[in-house]
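Coordinates in review
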Amino acid sequence: MSPLVAPGVTVASLQRPGALDPVDHRILVCHALGLSRTGLITHSERVLSGDEAARLSALLQRRLDGEPIAYIVGKREFYGLDFEVSPAVLIPRPETELLVELALERLPPQGRVLDMGTGSGAIAVALAHTRPDAVVTALDVSPAALAVAQRNAAANDVTVQFLHSDWFSAVDAATFDLIVSNPPYIASGDRHLAEGDLRFEPAGALTDHADGLSALRRIVDGAPARLAPGGWLLMEHGYDQSAAVQALLAAQGYTHVQSWHDLAGIARVTGGRAGLR
Ligand code: GLN
């Protein structure tokens, strides 16, 4: 098979493999050659060496084989910040910015917030970056994810206290003003798990290997004991889960139970307040 990119071609004459998205192509060319977007223009006559052609060919092939662009380049933007990502963590999604915004609206001055199942640390780092006064704790069951999250906190110059914990198991006495989570909520056997980017993402971050509600249920059940009176619990969930999550919250005595829609018009975050009667 001939390589996707032959040595000796110029940057300007690079051809996009037919099936590849033009934006993905541009991102991979920049990544392989160490060029910025404007560098593509200012270096348009640069001739690719054998190494560069081989490197770019390999990246293009990975993308053609379905690997998410964020894993190939090792980063993704979220809430205006750069995050390192690897297959140890879910790739941050734009709809999760809704959870960050709702949390920011409810975080009191010097508020204490807990992010459960932090993954790349996207939510915790975005909160800490926007609200330097906040006391941010983030936990995950995966040590590999925590290592990524720790690097993301450092790279974005924020302080987050990280905790290795299976949901609430390592969180007993602490009291929080706010608990947020984007837990695994896809039901086992859901066909989306076998499609697109999700095939390459960590299963434990996507699915609870059950009905899709088991992680949400554990968080709903455990949060009241860790929340200050009136403290909010906010959780992201799947497109068809808002009624079920509202019912879980109501059954546990939360008040102000409600859901919020993402930019696609999907009920995406549901929450309520603990300990207010
Ligand atoms: N929002 C993700 C998706 O459907 C799932 C993330 C999650 O389970 N927390 O692709």
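Keep in mind that what you see is a predicted model, and the values were worked out from it rather than measured.

**Description of the sheet that holds strand β7 (residues 227-236)**
Taken in spatial order, the seven strands line up as β5-β4-β3-β6-β7-β9-β8 in an open sheet, and their pairing is mixed. Strands with a single pairing partner mark the edges of an open sheet, and in this sheet they are β5 (161-164) and β8 (255-261). Between one strand and the next, the sheet's axes are offset by a mean angle of 15°, whatever the strand orientation. Pairing between β7 and strand β9 (residues 267-273): five bridges, direction antiparallel.

**What to know about the pairing of β7**
Of all ten residues in β7, nine are buried; the element is thus mostly enclosed. Here strand β6 (residues 176-181) pairs with β7 via five bridges, running parallel. Of the residues in β7, the one forming a bridge with F176 is L227.

**A short note on helix α6 (residues 122-130)**
Across the nine residues that make up α6, a large majority, seven, are buried. Those residues of α6 that fall on the buried side of the exposure criterion are A122, I123, A124, V125, A126, L127 and A128.

**Topic: the packing of helix α1 (residues 22-33) against helix α3 (residues 50-64)**
For the pair α1 and α3, interaxial distance at closest approach is 9 Å and the crossing angle is 145°. The element α1 and its partner α3 pack so that their crossing is right-handed. For the pair α1 and α3, the contacting residues are D24, H25, L28, V29, H31, A32 and L33 in the first and E52, R55, L56, L59, L60 and R63 in the second. Split into classes, the residues belonging to the contact of α1 with α3 amount to seven nonpolar, two polar and four charged.

**Examining the UniProt feature "binding site: substrate" (unreviewed entry) in the chain**
Taking the UniProt record as the reference, the feature "binding site: substrate" (unreviewed entry) is found at N182, P183, P184 and Y185. Tracing the backbone shows P183 in the loop between β6 and α8 (203-206). A relative accessible area of 2% means that P183 is categorised as buried. Setting aside chain neighbours within four positions, we find P183 in contact with W167, A205, A215, L216, I219 and E236. The topology assignment puts Y185 in the loop between β6 and α8. Judged by relative accessible area, which is 14%, Y185 ranks as buried.

Cut-offs and rules
Every chain begins its residue count from 1, and numbering advances along the sequence as written. Selection of residues for local features in this predicted model requires a pLDDT of at least 70, selection of side-chain atom pairs for listing and counting requires 80 or more, and totals for whole chains, interfaces and linings are taken over all residues. Here the side-chain values reflect all heavy atoms present in the structure, with hydrogen atoms and water set aside. For two strands to count as paired, DSSP must find a minimum of two bridges between them. Only DSSP runs of H or I covering at least 4 residues are called helices, and only runs of E covering at least 2 are called strands; the numbering of each starts at the N terminus. All axes are obtained by fitting lines to C-alpha atoms, using only the stretch in contact for helices, and the reported angles, taken between N-to-C directions, cover 0 to 180 degrees. Throughout, exposure labels follow a simple rule: accessible area from a 1.4 Å probe, protein chains only, divided by the maximum for the residue type, with under 20% read as buried, over 50% as exposed, and the rest as partly exposed. Take the far helix as the reference: if the near one is turned anticlockwise from it by less than a right angle, the crossing is left-handed, and if turned clockwise, right-handed. Only heavy atoms enter the contact rule, under which two residues are in contact if any of them lie within 4.5 Å. Gly falls in the polar group here, along with every residue not listed as nonpolar (Ala, Val, Leu, Ile, Met, Phe, Trp, Tyr, Cys, Pro) or charged (Asp, Glu, Lys, Arg). UniProt positions are given in the numbering used here, feature names are shortened, and annotations may be inferred rather than shown by experiment.

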